[in-house]
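Spelled out from the first residue to the last, the chains are:
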Amino acid sequence: MAPASSLLGPVGGRLWCAGATAGRSDCDAAPAAAAVGIWPGRGAEMRLLVAAGVLALLLDWAAPPGGVAAAFYLPGLAPVSFCQAGQSGQDGESCESTIELFVNRLDSVESVLPYEYDAFDFCQDFREKRPSENLGQVLFGERIASSPYKFKFNEEVMCHLACAKYYYPEKEDHREKLAFLKKGMQLNYQHHWIIDNMPVTWCYEVEDSQKYCNPGFPIGCFVTPDGRAKDACVINDDFNKKNTFYLFNHVDITIAYHSGKDENWPGARLVAARLEPKSYKHTDVNHLSCKGSPMEIPGEFNSKLNLIYSYSVKFEETNSIKWASRWDYILESMPHTNIQWFSIMNSLVIVLFLSGMVAMIILRTLHKDIARYNQIDSSEDAQEEFGWKLVHGDVFRPPKKGMLLSVFLGQGTQIFIMTFITLFLACLGFLSPANRGALMTCAVVLWVLLGTPAGYVSARMYKTFRGEKWKTNVLLTALLCPGIVFADFFIMNLILWVKGSSAAIPLGTLVAILAMWFGISVPLTFIGAYFGFKEKPIEHPVRTNQIPRQIPEQSFFTKPLPGIIMGGILPFGCIFIQLFFILNSIWSHQMYYMFGLLFLVFIILLITCSEATVLLCYFHLCAEDYHWWWRSFLTSSFTAVYLFIYAVHYFFSKLQITGTASTILYFGYTMIMVLIFFLFTVLQCFWGRCLSVGMTPCMCHFATGGTMDENVSGDFEPLGNCAFSWRFYKEGVPTFCGSIFKPGFNHPVAPILVSASVTG
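As the structure is a prediction and not an experimental result, all values here were calculated from the model. (Residues numbered from 1 in each chain as written. Predicted model: local features only at pLDDT ≥ 70, side-chain atom pairs only at ≥ 80, totals over all residues. Heavy atoms only, no water.)

Participant: Mind showing me how you'd approach a nonpolar patch on the surface here?
Facilitator: Residues Phe490, Leu494, Trp497, Leu507 and Val511 make up a contiguous nonpolar surface patch of roughly 460 Å² in combined accessible area. Elements represented by at least two residues in the nonpolar patch include exactly α10 (470-499) and α11 (507-534). Ranked by the residues each element gives to the nonpolar patch, the list is headed by α10, at three residues. (Patch = residues over 30% accessible without salt bridge, like charges linked within 9 Å, V, L, I, M, F, W, Y side chains within 5 Å. Areas by Shrake-Rupley, 256 points an atom, 1.4 Å probe, with all protein chains shown as cover. Salt bridge = Lys/Arg side-chain N within 4 Å of Asp/Glu carboxyl O. Helix = DSSP H or I, 4+ residues; strand = E, 2+ residues; numbered from the N terminus.)

This is how it looks when you write it as structure tokens:
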């Protein structure tokens, strides 16, 4: 039991403590406030800075002196203590003496097809254990299993036999296994090993003498028939024989630990695991010698081949690294942190530019229009209207294909809320790299549970559009977009099944996903739609004319297609650098951990989309074009098209993917990403446009004329938000809509754009 003034809980793998235990070596002092998820050089495992700090201080304040409070850990992230065989921890506390090494799937930057460890005929554990995997791990194709590599804590081993494999050219299955192993080396497939829930890293120097720690290491390498060394073959001059494969059949493993000798926990805790792959040609399994010539596999398999795998292990005591900070050396070695901040500054400049444009329109352009209205003395002059003031009776005319628009808005709401909550939890550290598969699991579960907002928004908007086919609306909201994603996903999964990839989703998992969809998400969508249809339609500030107004001929820049194309440029400019790192994490298998920066970019994208659509809406209304519904739908969502174009550029310029199956898989999964992003931005741009047409504008409508004072006659008819502003005016509250009219001022028809911050 820990003192009452302590709070012990690893947030994303980091262990927090406060009060009397703030100086412990296995935990970090919890700050009361700090930037969430953005801590240069201390980004390991996504700290819950604000929440952990506040909670720690509250417990410290609330606990009685000398009281006790039990420590807590997030599930699966509690530290494990190790001690030598035959020893026990302090006060008889138990500790582990055997360190197990687990293996994960193998992947490659040259192929989208990951494979299980056993597919390559490596050393296998005859008593194989497979830890339980969550939904996110299964969807990402992770397949973790035990291995024959098992070590005793603090017992060094030199050149120990792991296993031996023998291949005979006359046996067909041996030829197939060896050919598959060669293919893995040719495509640079990478091992991913795990010790104590921590990746075993291969650290090596890159440019400018910087050390990069890769959470994987290659199977081997290949020297082409023309003598060109590929991939890892460049690290050793002995890898020089043409048309030859070199197998990394030996690993030197170094395990660093933090001793608990001077702490209040038993044994020691592992804080780092590194290895260096080697290639040795062992000739006798009984007399291994880890030196000499490398293990060569000729391009032509004509004679018996012996592959002997071995390993060496040594331990280092490193008390300078805390268990809570053991991921830092991996994350800090990843480059491009400065580029991330450059991206943020670039995005902020775009936001400031758009904010200035919006402010200029509201405060300058509209101010001139309003001032001109205040100077009008005769009703004849008042009839000379132009621009956006002429379309007040048509802006809320229901759009064509309102059914589809409302369905997309409902699905966009669902994805937007899901993304916001997922990123927020990731910033708090609950979805860190140490908690494998948690990010995808959280996103899927949230999407399933957020069917109610989707149904409600879709039904409410469809009712506002005066639609009558409510059953079709509900079914399309529940099935259309998820059905497209599932169909694409299922086709990709069929390809993975045919290729025998570990990323193929088992049939049971597919059935479980369908059960979650139809058993939870669809009923929740029906419930949301029920409440949406019970609500009154959204009240518009003005009545819609019975006869549509003729739209004058538009200039090139106010036509739909140019406006839509231009509308997505600025939002894409805010995200394209972050998009590069996200694509790297997906296709180049690099670890992504900067969720704080990603959340900040998410907020910037939200603001940028909204402001860009407000601007374009104003320009279109000034051109007397009131067909804004679908245009607002497609303006910022055209960013998804730029995302697809960038994904194509990334495929040809950054990746070395080969093979028809991998290419189909890449673009199939990319289409799912594009559709999700399309719906995500639809919500932002559409509501941004609504802000400029219905919420930001208060279309103060005068039916036949009147005076705006306390003795106004019945011919004045304020509607919607204007009625709200008119009430404030009557009560003497200075509002923007009320202040532009002077008592006794006569005005027959004047739709006025006023500030949403005052009028609702």
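From this point on, the discussion continues.
Participant: Can you help me understand the pattern of salt bridges in this one?
Facilitator: Opposite charge on two side chains makes pairing possible when the charged atoms of those side chains draw close. Taken as a whole, this structure holds ten salt bridges when the rule is applied. Salt-bridge contacts for glutamate 100 lead to lysine 129; the nearest nitrogen and oxygen are separated by 2.9 Å. With glutamate 100 in strand β6 (residues 98-103) and lysine 129 in the loop between β8 (111-115) and α2 (135-139), the pair connects residues that are 29 residues apart, well separated along the chain. Assessed through its relative accessible area of 41%, lysine 129 is described here as partly exposed. For the salt bridge of aspartate 118 with arginine 130, the shortest nitrogen-to-oxygen distance reads 4.0 Å. Of this pair, aspartate 118 sits in the loop between β8 and α2 while arginine 130 sits in the loop between β8 and α2; the two residues are twelve residues apart in sequence, bridging distant segments of the chain. Residue classification places aspartate 118 among the partly exposed positions, given a relative accessible area of 28%. Judged by relative accessible area, arginine 130 falls into the partly exposed class, the value being 39%. Salt bridges sharing partners connect three or more residues here, namely Glu116, Asp118, Glu128 and Arg130. (Buried < 20%, exposed > 50% of the residue type's maximum accessible area, 1.4 Å probe, protein only.)

Participant: Teacher, can you tell me more about the sheet that holds strand β19 (residues 250-259) here?
Facilitator: The strands that make up a sheet pair up through hydrogen bonds in the backbone, lying either parallel or antiparallel. If you trace the four strands from one edge of the open sheet to the other, you get β10-β22-β19-β20, paired in mixed fashion. The two strands at the open ends of the sheet, each matched to only one other strand, are β10 (157-167) and β20 (268-278). Pairwise comparison of adjacent strand axes, ignoring direction, gives a mean angle of 20° for this sheet. Alignment of β10 against strand β22 (residues 305-317), held across eight bridges, turns out to be antiparallel. Residue cysteine 163 lies in a different strand from β22, and its bridge partner there is tyrosine 309. (Pairing = 2+ DSSP bridges. Axes fitted to C-alpha atoms, helices over the stretch in contact; angles between N-to-C directions.)

Participant: I keep staring at the packing of aromatic side chains and nothing clicks. Help me out?
Facilitator: Two measures describe an aromatic ring pair: the distance that separates the ring centres and the angle between the ring planes. Evaluated as defined, the whole model comprises 48 aromatic pairs. Seen from their ring centres, phenylalanine 120 and phenylalanine 122 are 5.8 Å apart, and the 25° between their planes marks the pair as stacked. Residue class for phenylalanine 122 comes out buried when judged on its relative accessible area of 3%. Plain terms: the ring middles of phenylalanine 677 and phenylalanine 680 are 6.0 Å apart, the flat faces sit at 45° to each other, and that makes the pair tilted. Highlighted residues: phenylalanine 677 and phenylalanine 680, both in helix α17 (residues 660-695), separated by three residues, approximately one helical turn. You'll find phenylalanine 677 and phenylalanine 680 in the same group, each marked buried. Cluster of aromatic residues (ring-pair linked, three or more members): Tyr115, Tyr117, Phe120, Phe122, Phe180, Tyr189 and Tyr309. (Phe/Tyr/Trp six-rings, centres within 6.5 Å; stacked < 30°, edge-to-face > 60°.)

Participant: Help me out: how do you make sense of the environment of phenylalanine 557 in this one?
Facilitator: In this fold, phenylalanine 557 is placed in the loop between α11 and α12 (560-567). Under the relative-accessibility criterion, phenylalanine 557 is labelled exposed at 56%. When the C-alpha atoms of phenylalanine 557 and histidine 620 are compared, they prove to be 9.4 Å apart, with 63 residues separating the residues in sequence.

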